[in-house]
Amino acid sequence: MNSKSVAEIRELYLKYFEDKGHSVVPSSSLIPAGDPTLLFTTAGMVQFKPYFTGAVELPFTKATSAQKCLRTTDLENVGQTERHCTFFEMLGNFSFGDYFKKEAIHYSLEFSVKHLGIPFDKIWITIFENDDEAKEMWMAEGVPEERIVRLGKKDNFWGPAGDSGACGPCSELYLDRGVAKGFAGCSNDKPSCKPGCDCDRFMEYWNLVFNQFNQTVEGEFLPLKQTGIDTGAGIERIALLLQEVDSVYDTDEFRKILQKISELSGKAYDESTKTAFRVIADHSRSVFFAIGDSIYPDRTGRGYVIRRLIRRASLFARRLGMKEPFINLLVDTLSDVYSGRYPELKIKKSEIQRILRAEEELFLHTLELGLEELESILARMKNEGVVKLSGKDSFRLYGTFGFPKEMTQELVAERNIEFDEESFEAELEKDRNISRDSWKGKTTSFLTGIDSSQGLNTEFLGYTDQSSKGRVQYIFNSSGKVMDSIQSGEEGVLILDKTPFYAESGGQIGDQGFIKGEGFLFRVTDVQKENESFLHIGSLLKGSLKIGTEVEAEIDSPRRLSLAAHHSGTHLMHSALRNILGDHVRQKASLVSDDYLRFDFSHPQAMTEDEISKVEEFVNSAINSAIQVDTKVLPIQEAKESGAIAFFEEKYGDMVRIVTMGDRSVEFCGGTHVKNTGDIQYFSILKESSPGAGNRRIEAVCGNAVVQYYTKTFQELAEKVQSYNVKAKEIYSNPDSELIRTSIPDPTQVEKDFSEKGSAMVGSYRKLKDSVEKDWDEKSTKLFKESKKIQAENFQNNPELLQELADSAIEIKGFKIVSKIFKDVDAKALKELADGLKSRIENVVVLFGSRNEDSATLVFMCNQASVKQGVHCGNILKTSMEVLGGKGGGKPDMAQGGGKAPEKLEEALELAKSVI
């Protein structure tokens with residue numbers, strides 16, 4: 001075979017299908033559009049899901065793409081096997097009601113043989129076990145029957161990408177790599193050595209899915225309006241075969257990344273280091289693409305997965321002797337390799353490097369200590385004869401040292417130690433229930449009885465410095481007891497003479513970071529203030545620390561930047577509210593966090609949509625104007641005369657700090673702020689509500705949180721619209737005027753719009769969001785009424801259904817029991833259907849249930865003949881309602897009720913039968 005590079009394979013594939021009349025569609029974002037059931041784009045067909053279901057108008061009937069994908073289901077296998085990757089590109093060709101099996105089969109063979117140069121006699125085929133049609137078509141293309149293998153549903157029936165979508169039987173192409181790649185004993189004479197064998201002789205490189213069904217979230221398989229083709233071929237797997245190497249990590253693009261890792265680490269890529277090299281290469285590539293698509297490291301959701309990848313890569317970098325931030329140093333190489341295909345990555349290269357370095361630095365502070373702690377735990381367990389890591393120990397590694405749960409699981413599995421997941425989750429839940437306020441209540445008692453002459457005041461340096469030298473003046477333990485020193489593993493409070501850490505005040509929460517020195521490391525999780533003393537709350541991770549020790553204090557800089565953006569955004573919003581609503585607006589309370597801001601203010605009624613839009617426009621206009629933010633300290637009287645606005649009921653000293661943003665905002669404030677309003681980037685209001693009479697509350701976000709908000713919002717809206725359109729086509733005889741045709745931007749477009757047009761996009765996107773929500777709300781309400789009307793008509797005039805139900809009746813104690821669970825059917829329709837059965841069947845008892853998304857309905861009915869023999873529907877229903885956790889009741893011949901446990905409907909009906 002002729003060797004071809006990854007780039008050549010991609011170009012050949014797209015060109016071949018373009019020549020066959022396919023539209024070449026760019027890769028979509030790693031954030032799946034219109035599918036909240038998926039964390040990431042995991043296959044080429046994800047962006048085409050609505051095309052298969054008929055939820056959108058088709059811009060084309062044939063398409064081809066090279067799609068960015070991210071899968072982390074087998075993360076622990078990455079680096080251990082030859083082919084596992086988290087990030088990969090999937091080549092695909094798609095048909096939406098155009099061609100089907102015959103053409104898809106022909107295209108795959110023709111491209112494999114004539115364009116990739118794969119020998120025809122080395123290609124084997126698998127088909128779904130009863131797909132005789134596919135078998136005949138392969139044989140018509142010249143594939144002999146002995147090279148066609150039938151496999152079951154587990155291997156050759158392709159489910160949807162996510163919880164719902166198009167699916168169907170599939171057929172796969174394998175390359176026979178020769179007897180030498182098989183297990184000992186695998187040969188042409190061994191019938192079991194064929195596709196499906198566990199050896200490496202046969203490698204699958206292309207999967208053809210024949211989409212015939214739409215799987216609903218409930219698991220139903222409904223026929224698609226039109227059949228379709230969805231194929232997937234991993235580009236590096238094809239490269240592995242054509243370049244005749246044993247691992248995807250030995251293909252041309254990966255080799256460049258591995259070479260850079262070797263240069264930076266000073267280690268050779270060999271048998272002893274290959275696992276670490278491969279993990280670093282794969283994970284660095286994944287996070288490079290993910291951050292490029294605005295998926296940032298975070299505590300939850302997608303961001304948690306990216307943080308987990310970075311931390312796993314850092315762990316393996318340490319095994320190469322790299323104890324400084326390392327992954328960010330690969331970004332230049334990654335950009336060189338991939339920005340030709342994805343030019344946006346070159347533009348975002350500096351931002352990706354900055355985010356990666358900050359994330360690495362955050363984890364490397366505690367990685368060494370966490371590994372030491374793990375070794376200590378394992379040694380203790382060995383002495384005690386314990387073989388399962390407790391939730392208490394694993395949660396300490398998670399909460400104190402930042403070890404993702406899955407990373408700890410992997411580390412202990414290497415030592416044949418079990419991981420107690422249940423007790424870990426219990427510890428996690430316990431932690432969620434412990435408010436960080438538990439420390440705050442102690443701050444006053446901490447300082448009670450301390451003579452002010454002791455000089456415990458803290459000089460705050462954080463307006464200009466993010467790290468500084470200082471000295472420990474005072475130490476308390478977690479009980480509030482004054483201590484001379486604190487030991488490793490203990491929680492406590494430190495008071496320094498100087499600090500860059502901001503202590504919570506004026507609504508802004510305290511900084512986080514580290515206090516460190518020779519032989520010790522203290523992790524700061526919160527900072528409170530009592531008089532002029534700053535209380536650094538946290539735990540000592542390493543060593544011991546005593547009063548008088550010289551330390552270096554360093555804040556979490558990215559977190560501080562986000563806090564500053566939200567605080568400056570709060571000032572601009574306050575000014576906007578006074579400009580738009582009137583001078584009666586006064587701040588009543590606020591919260592400034594790194595995630596969002598909350599602002600309570602005096603105003604007698606709810607804001608209108610127009611007023612909310614004007615506030616956003618005011619703030620974003622100030623952001624676009626890139627106004628310098630100035631601060632100065634003035635005598636309080638002079639400050640008041642300057643026209644600066646004082647915050648709510650704040651106590652001020654003789655000298656006050658004034659924060660000025662041009663002519664847009666002038667306020668008293670001791671908090672931290674951006675240097676220029678442009679640093680806020682974007683501002684968007686999430687919610688307007690009332691915290692109490694006479695006041696209103698706004699929740700808003702700034703910076704990248706705005707991009708993430710609209711990405712998620714449009715993703716959810718697209719899913720709603722697609723579901724509505726599919727249903728509308730089923731219900732309306734002429735659905736054209738009833739469909740929602742608004743074009744909703746996908747995640748790639750959202751990122752692009754904000755990148756190119758800045759905060760001006762907030763107003764446009766708010767209008768689009770409001771318009772689509774209004775359209776969806778009105779039309780879905782109308783659709784619901786129409787579907788219920790049709791449903792009732794079908795139930796009333798459906799002798800076939802009545803007969804089917806009558807035939808399904810079973811006899812219990814002389815009664816004919818008809819039992820069935822429906823989906824989304826209201827109680828009225830169920831009663832009408834039951835009435836039809838009452839007149840048809842003697843001694844009948846009807847037990848009907850209906851399952852909705854988050855609720856369940858029961859309707860039990862019987863005729864008078866059953867009542868005379870002792871049946872009481874109301875009593876039977878009461879027993880069933882205990883299972884559903886709801887309420888209901890009724891008379892002997894009819895009862896109904898509802899509950900919040902639709903998953904227990906079957907159990908409820910079985911219980912009713914047992915009562916009878």
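The structure under discussion appears in the preceding block.
These figures come from a predicted structure and were not determined experimentally.

Asker: Outline the overall build of the protein, supporting the account with residue identities and numerical values.
Answerer: Of regular secondary structure, the protein possesses 28 helices and 35 strands. Computed over its C-alpha atoms, the radius of gyration of the protein comes to 33 Å, within 12% of the 29 Å expected for a compact globule of 916 residues. When the backbone C-alpha atoms are referred to their principal axes, the protein occupies close to 90 × 80 × 65 Å. For the protein, the share of sequence-separated contacts (at least 6 apart) that also reach a separation of at least 24 residues comes to 69%. Total accessible area computed for the protein in this model is approximately 40,200 Å², and 46% of it derives from carbon and sulfur atoms. Side-chain charges in the protein split into 116 positive and 141 negative, and the spacing between the mean points of these groups amounts to 1 Å.

Asker: Give me the pattern of salt bridges: which residues, what numbers.
Answerer: Counting across every chain of the model gives 53 salt bridges. Here Glu 263 makes a salt bridge to Lys 260, at a shortest N to O gap of 3.8 Å. In this pair, Glu 263 and Lys 260 both sit in helix H7 (residues 252–265), three residues apart, roughly one turn of the helix. Residue Lys 260 is classed as partly exposed on the basis of its relative accessible area of 23%. Across the pair Glu 688 and Arg 696 runs a salt bridge, and its minimum N-O distance is 2.8 Å. This pair shows no difference in class: Glu 688 is buried, exactly as Arg 696 is. It is possible to trace a salt-bridge network through shared partners that takes in Glu 82, Glu 271, Lys 274 and Arg 278.

Asker: Describe the packing of helix H12 (residues 349–384) against helix H13 (residues 391–401), and please don't skip the residues or the numbers.
Answerer: Relative orientation of the contacting elements H12 and H13 amounts to 165°, with a least axis distance of 9 Å. By the criterion of interaxial angle, the relationship of H12 to H13 is roughly antiparallel. When the axes of H12 and H13 are compared, the crossing they make is right-handed. Taken together, the residues of H13 that come into contact with H12 (itself represented by Phe 363, Thr 366, Leu 369, Gly 370, Glu 373, Leu 374, Ile 377 and Arg 380) are Asp 393, Arg 396, Leu 397, Thr 400 and Phe 401.

Asker: Could you give me a rundown of the packing of aromatic side chains, with the residues and numbers involved?
Answerer: The description of an aromatic ring pair uses the distance of the two centres, along with the angle that the planes make with each other. Applying the stated criterion across every chain yields a total of 45 aromatic pairs. A centroid spacing of 6.1 Å and a plane angle of 65° characterise the contact between Phe 100 and Phe 210, whose relative ring orientation is edge-to-face. Here Phe 100 is found in the loop between strand E3 (87–96) and helix H3 (101–115), whereas its partner Phe 210 is found in strand E8 (residues 202–215), with 110 residues between them in sequence. With respect to burial, Phe 100 and Phe 210 carry one shared label: buried. Ring centres 5.6 Å apart and planes at 70° place the aromatic pair Phe 754 and Tyr 765 in the edge-to-face group. Linking Phe 754 in helix H22 (residues 747–757) with Tyr 765 in helix H23 (residues 760–796), this pair joins segments that are 11 residues apart in sequence. The exposure class of Phe 754 is buried, given its relative accessible area of 1%. Relative accessible area serves as the criterion here: at 3%, Tyr 765 is assigned to the buried category. An aromatic cluster is present here, built from Tyr 13, Tyr 16, Phe 17, Tyr 99, Tyr 107, Phe 111 and Trp 206 joined pairwise through their rings. In this structure, Arg 147 packs its charged tip against the face of Phe 120, placed 5.5 Å from the ring centre.

Asker: A description of the sheet that holds strand E26 (residues 655–661) should follow, citing residues and the corresponding values.
Answerer: If you trace the three strands from one edge of the open sheet to the other, you get E25-E26-E27, paired in antiparallel fashion. The outermost strands of the open sheet, each flanked by one partner alone, are strand E25 (629–635) and strand E27 (665–668). Across the sheet, the mean angle separating the axes of adjacent strands is 20° when strand polarity is ignored. With seven bridges joining them, E25 and E26 adopt antiparallel strand pairing. Across the sheet, Thr 631 pairs through a bridge with Val 659, a residue of E26. Strands E26 and E27 of the sheet are contacted by helix H18 (residues 557–581), whose axis makes an angle of about 110° with E27.

What counts, and at which threshold
- Residues numbered from 1 in each chain as written.
- Predicted model: local features only at pLDDT ≥ 70, side-chain atom pairs only at ≥ 80, totals over all residues.
- Heavy atoms only, no water.
- Helix = DSSP H or I, 4+ residues; strand = E, 2+ residues; numbered from the N terminus.
- Rg over C-alpha atoms; globule rule 2.2 N^0.38 Å.
- Contact = heavy atoms within 4.5 Å.
- Areas by Shrake-Rupley, 256 points an atom, 1.4 Å probe, with all protein chains shown as cover.
- Lys, Arg positive; Asp, Glu negative; His and termini not counted.
- Charge placed at Lys NZ, Arg CZ, Asp CG, Glu CD.
- Salt bridge = Lys/Arg side-chain N within 4 Å of Asp/Glu carboxyl O.
- Buried < 20%, exposed > 50% of the residue type's maximum accessible area, 1.4 Å probe, protein only.
- Axes fitted to C-alpha atoms, helices over the stretch in contact; angles between N-to-C directions.
- Parallel < 35°, antiparallel > 145°, perpendicular 65-115°, else oblique.
- Left-handed = near helix turned anticlockwise from the far one by under 90°.
- Phe/Tyr/Trp six-rings, centres within 6.5 Å; stacked < 30°, edge-to-face > 60°.
- Lys NZ or Arg CZ within 6 Å of the ring centre and 35° of its normal.
- Pairing = 2+ DSSP bridges.

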